[in-house]
Amino acid sequence: MARRALITGITGQDGSYLAEHLLDQGYEVWGLARGQANPRVSRMRKLLSDVQVVRGDLLDQGSLISAVERVQPDEVYNLGAISFVPMSWEQAELTAEVTGMGVLRMLEAIRVCSGVSRGGGTGAPSGQIRFYQASSSEMFGQVSETPQTERTAFHPRSPYGVAKAYGHFLTQNYRESYGMFAVSGILFNHESPRRGAEFVTRKVSLGVARIKLGLATELRLGNLEARRDWGFAGDYVKAMHLMLQAGNPEDYVIGTGRMKSVRELVEAAFSAAGLDWERHVVTDQALHRPAEVDLLCADPKKARVQLGWEPDVSFDELVAMMVESDLRLLTNGGDPDQDSSWP
């Protein structure tokens, strides 16, 4: 019988790549969605026709219990979140409820449906539902050391980072208190042509494509000196899956181990289109974060040694992939806000 996976956030970038990967691995894949009439769900089902959909909401404990009872998953991947960092200042309470409390509700749903009680210890019983939590490098925030490892202290600098830290510690707590196979992947920035148009990488690739096609003349950006560890989302979802196949539940940092500045991202994107970035990029102080995260860089040694995971797509390949995809999208009259860049 095929293993069964339940994915929250399946209509997002990571959810779509993970669903594809699990289907390739022979899984029966279910996606949690708040309503069948959601247009994002309709597009997802056209692109991933083998994915089944179950109703549920990270804001509603009862719906999550019902979803887990119906699907009876072997693995649950909690990718659902309010994930755009700047928005977390504008909707801090909603971010806390979805990105933070949503983790608690899903863990409780799994615990209740599995019949797990306190005092389970740290060893996960065979046959138990395995849980993956999408933690984030934004939890490190104002970093205390570089590169960051699984032991680096957290100092989040946004409501999003704080909510992610809450979910991360909850996952550890349920693992230690109930013996659940619950793990967190501390993923550094991972991008793709499916990334939402509001994120800086996609904003850059779309801006370059618009300028190349004569649809715009400038691209306005905030802090060009912020440095990040950027990789390809399609590589990172493979690490998620590997974490739930391990013999013991542990947390892992996932990244490339190489930092690039926003300026270097811009240079690579404009170069991929044969353009001079300095003729088109305008810095705008209004686009800076209230509390900036200056640099993030992963030390993925543990994942490399214990899981055998390595990223395949380089930074330059990723940027070129995104620019080429957005050039095709805009040339064909697609709407970036409608996820029409998905293949």
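Thresholds, definitions, all that
- Residues numbered from 1 in each chain as written.
- Predicted model: local features only at pLDDT ≥ 70, side-chain atom pairs only at ≥ 80, totals over all residues.
- Heavy atoms only, no water.
- Pairing = 2+ DSSP bridges.
- Helix = DSSP H or I, 4+ residues; strand = E, 2+ residues; numbered from the N terminus.
- Axes fitted to C-alpha atoms, helices over the stretch in contact; angles between N-to-C directions.
- Contact = heavy atoms within 4.5 Å.
- Phe/Tyr/Trp six-rings, centres within 6.5 Å; stacked < 30°, edge-to-face > 60°.
- Buried < 20%, exposed > 50% of the residue type's maximum accessible area, 1.4 Å probe, protein only.
- Lys NZ or Arg CZ within 6 Å of the ring centre and 35° of its normal.
- Expected span 1.5 Å × (residues − 1).
- Bend = angle between axes of the 7 residues up to and from the residue.
- Core = buried A, V, L, I, M, F, W, Y, C linked by side-chain atoms within 4.5 Å.

**Student:** Is there a simple way to explain the sheet that holds strand E2 (residues 28-33) in this structure?
**Tutor:** Note: strands within a sheet are paired through backbone hydrogen bonds, in either parallel or antiparallel orientation. Overall, parallel pairing links the 7 strands, which are arranged E3-E2-E1-E4-E5-E6-E11 in an open sheet. Lying at the two open borders of the sheet, with one neighbouring strand each, are strand E3 (52-55) and strand E11 (252-254). The average angle at which neighbouring strand axes cross in this sheet is 25 degrees, direction not considered. Note: E2 against E3, 4 bridges, orientation parallel. Bridge pairing in E3 links Gly31 to Val53. On the sheet, helix H5 (residues 92-114) packs against strand E1 (4-8), E2, strand E4 (75-78), strand E5 (130-136) and strand E6 (182-187) and is oriented at approximately 170 degrees with respect to E5. Against the sheet, helix H6 (residues 159-178) engages E5 and E6, with an angle of about 150 degrees to E5.

**Student:** Before we go on, may I ask you to explain the packing of aromatic side chains in this structure?
**Tutor:** Under the counting rule described, the total for this entry stands at 8 aromatic pairs. Ring geometry for Tyr17 and Phe232: centres 5.5 Å apart, planes at 75 degrees, overall edge-to-face. Of this pair, Tyr17 sits in helix H1 (residues 13-24) while Phe232 sits in strand E10 (residues 231-232), and the two are 215 residues apart along the sequence. The interplanar angle of 50 degrees and the centroid separation of 4.9 Å between the aromatic rings of Tyr174 and Tyr178 together place this pair among those described as tilted. One end of the pair, Tyr174, and the other, Tyr178, are both in helix H6, 4 residues apart, so they sit about a helical turn from each other. For Tyr174, a relative accessible area of 7% puts it in the buried group. Residue Tyr178 is classed as buried on the basis of its relative accessible area of 9%. Taken together through their ring pairs, the aromatic side chains of Phe140, Phe154, Phe169 and Phe188 make up a single cluster. In this structure, Arg130 is placed above the aromatic ring of Phe181, and the distance from its NZ or CZ to the ring centre is 3.7 Å. When the ring centre of Phe199 is taken as reference, the NZ or CZ atom of Arg195 above it lies at 4.0 Å.

**Student:** I would appreciate a short explanation of H5 in the present structure.
**Tutor:** Because the α-helix completes a turn every 3.6 residues, residues three or four places apart line up on one side. The end-to-end C-alpha separation of H5 is 32 Å, in line with the 33 Å expected for 23 residues at 1.5 Å each. Met101 marks the point of greatest bend in H5, at about 40 degrees. One or two residues past the end of H5 sits Gly115, with phi positive at roughly 70 degrees.

**Student:** Would you take a moment to explain the nonpolar core for this structure?
**Tutor:** The biggest cluster of nonpolar side chains holds 35 residues, and the ones touching the most others in it are Ile7, Tyr77, Tyr132 and Ile254. Broken down by secondary-structure element, the contributors of at least two residues to this core are E1, H1, E5, E6, helix H8 (233-243), E11, helix H10 (301-307) and helix H11 (315-331). Here the element with the most residues in this core is H8; it accounts for 6 residues. Apart from the residues lying within four places of it in its own chain, the contact partners of Ile7 are Gly15, Leu18, Ala19, Leu22, Val29, Trp30, Gly31, Leu32, Tyr77 and Leu79. Counting residues in hydrophobic clusters, the runner-up holds 25 residues, among them Val54, Val76, Ile82 and Val98.

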